[in-house]
Amino acid sequence: MKKDVKNEFGVFGERPQVPKKLYNAKYIFGGLLIFLALVILPILPNLGKAVPPPKPQVDTPAIQKLAGQDKQCVEDTAWMRANHMLLLNDWREEVVRTGKREYTGKGGKKYNPSLSNTCMECHSNKSQFCDQCHNYVAVVPNCWGCHLEKEKKVAKAEAK
Amino acid sequence: MSISRRDFIRIAGLSTLFGLGARGAYELIAPGQLEAKSVPEAAATGKRWAMVVDMHKVDADTARKCAVACHRLHNVPDFANPVNPKYKVDPEELVRWEVKWIWTDHFHNTFPGLDQQFQQERLDKLPFLVLCNHCENPACVRVCPTQATFRREDGVVMMDMHRCIGCRYCMAACPYGARSFNWRDPRPYVKEINPDYPTRELGVVEKCTFCVERLEKNLMPACVVESKGALIFGDLNNPKSTVRQVLRQSYTIRRKPHLGTNPQVYYIV
């Protein structure tokens, strides 16, 4: 039955009654479900599992061969862990721009400041020593675009 | 308002005096900077590396050996010989992508303007060994926006690959074509990788560095060792050095000296 509505502006016909209903409900909820599934899916495999913290390996055959005192890195281990990137940047500046190819480390020992030829000579396990931590903290140093890792060559030499 | 002849002459004279004084003041603040130098003076101390190419001793075989030794030592890619056949390069791109530190060229390309219609016959056949001239006044260094290329105190024009942004201004500036751009990752084209020397990456410019890493160890550049006396390398600041002796004894020419870059590779033709 039609009911007229009266207000101060006049008399109006009743507004059309729209049924309170969600149209296309199955498509909407179906879509939402698929969306949620897609969002959750990549999280599920690692749910509740802690990623093990990296344990960089320092017992490469090259290091094992070194005598007691020589086993020391160019600087303290703790300092190196925090600042190796700064040290490498300094080495890079000094070698390339000033041509200074000598670095006096802790204890006065002299080193050739070179990533491939000094660092990687002892730490010949790039995947264990470098990549493990860098992957864990999601940093991508661009050293290896040009500088060569010697891991494969060292592995080959050891296999012989 | 008018000005009397007397006042005009007085003001003009004083202005002239002031102008002359300004030049003196400039000399006082920055002595020797006002005049452009046509012949730069060499630093009295320290080393100044230079090379002499004796074309009486260079033949095609020596030239090839020098280039191979250099390119093998510095991991210079050879796009004609990929490690894996699937990386084969089109002939057109082969020319465009070529990376070279030291190579050979004809006389008329090496010394444009010096070639004549009628000239000594052997000049047409000689393989002129050309490389970066390590200029005293390098055009590439002037234009580099990041100072990735710079001149060391010993005269070597160096590349800092870490700073190179690949804009190729230096390639446009270099009148000798001594610079090459890495249009793609060079690693698949280095047959025997020398692990002691880095390769380059996509998007950087590279060139001869006079083997700074060998000079540091008191070794001669790789091409000089391989040339068996055809290339003479040494310190220009040392009057007793072999280069100075050779330069004293022989008439030498340089590539495009009129451009004012003051190249430091000399040729005995």
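Residues numbered from 1 in each chain as written. Chains lettered and ligands numbered in written order. Predicted model: local features only at pLDDT ≥ 70, side-chain atom pairs only at ≥ 80, totals over all residues.

Each helix and strand counted, chain A has six helices and four strands in total. When the helices and strands of chain A are read in sequence order from the N terminus, they spell out β-β-α-α-α-β-β-α-α-α. The C-alpha atoms of chain A give a radius of gyration of 33 Å, which is well past the 15 Å a tight globule of 160 residues would have. Oriented by its inertia axes, the alpha-carbon framework of chain A measures out at about 100 × 40 × 30 Å. Burial statistics for chain A: of 160 residues in total, 10% are counted as buried. Considering only contacts in chain A between residues 6 or more positions apart, those separated by 24 or more positions represent 58%. (Helix = DSSP H or I, 4+ residues; strand = E, 2+ residues; numbered from the N terminus. Rg over C-alpha atoms; globule rule 2.2 N^0.38 Å. Buried ≥ 20, exposed ≤ 12 C-beta atoms within 10 Å, placed from the backbone. Contact = placed C-beta atoms within 7 Å.)

Moving on, we get to the interface of chain A and chain B. On the side of chain B, 14 residues touch chain A, which itself brings 13 residues to the contact. Among the elements of the structure, α3 (77-98) and α4 (115-122) of chain A are those that each provide at least two residues to the side of chain A that touches chain B. Ranked by residues supplied to the side of chain A that touches chain B, first place goes to α3 of chain A with three residues. Classifying every residue of the side of chain A that touches chain B by side-chain character gives three nonpolar, five polar and five charged. (Nonpolar A, V, L, I, M, F, W, Y, C, P; charged D, E, K, R; others polar.)

What follows concerns the sheet that holds strand β9 (residues 253-254) of chain B. All names here are of chain B. A sheet is described by the order of its strands in space; here four strands give the open sequence β8-β1-β10-β9, paired in mixed fashion. Taken across any chain shown, the strands that pair with only one partner, and hence form the sheet edges, are β8 (231-235) and β9. Judged from the two bridges that link them, β9 and strand β10 (residues 265-268) form a sheet pairing that is antiparallel. When the bridges of β10 are listed, Arg 254 appears paired with Tyr 266. Against the sheet, helix α10 (residues 242-249) contacts β1 (49-54), β8 and β10, and its axis sits at roughly 115° relative to β8. (Pairing = 2+ DSSP bridges. Axes fitted to C-alpha atoms, helices over the stretch in contact; angles between N-to-C directions.)

Attention now goes to the environment of Asn 117 of chain A. Residue placement: Asn 117 of chain A occurs in helix α4. Residues Asn 117 of chain A and Ala 78 of chain A, spaced 39 residues apart in sequence, show a C-alpha to C-alpha distance of 22 Å. Beyond its immediate sequence surroundings of up to four residues, Asn 117 of chain A is in contact with Asn 112 of chain A together with Asp 196 of chain B.

In this section: the domain arrangement of chain A. In terms of domain boundaries, chain A breaks down into domain 1 (5-46) and domain 2 (61-159). Each of domain 1 of chain A and domain 2 of chain A has a C-alpha centre, and the two are 61 Å apart. (Domains from an automatic or database assignment.)

Attention now moves to the nonpolar core. All names here are of chain B. Of all hydrophobic cores here, the largest spans 54 residues; its most connected members are Met 51, Val 53, Cys 66, Ile 102, Leu 129, Leu 131 and Leu 231. Secondary structure elements with two or more residues in this core: β1, α2 (60-73), β2 (102-105), β3 (128-131), β5 (157-159), α9 (222-227), β8 and β10. Broken down by element, the residue count for this core peaks at five residues, all from β1. Contact partners of Cys 66, with chain neighbours within four places excluded, come to Ile 102, Leu 129, Cys 223, Glu 226, Ser 227 and Leu 231. (Core = buried A, V, L, I, M, F, W, Y, C linked by C-beta atoms within 7 Å.)

Take α3 of chain A next. Residue and element names in this part refer to chain A. The end-to-end C-alpha distance of α3, which contains 22 residues, comes to just 27 Å, noticeably less than the 32 Å that a straight helix rising 1.5 Å per residue would cover. Of all the bends in α3, the greatest measures close to 75° and is centred on Asn 83. Two residues or fewer after α3 comes Gly 99, characterised by a positive phi angle close to 75°. (Expected span 1.5 Å × (residues − 1). Bend = angle between axes of the 7 residues up to and from the residue.)

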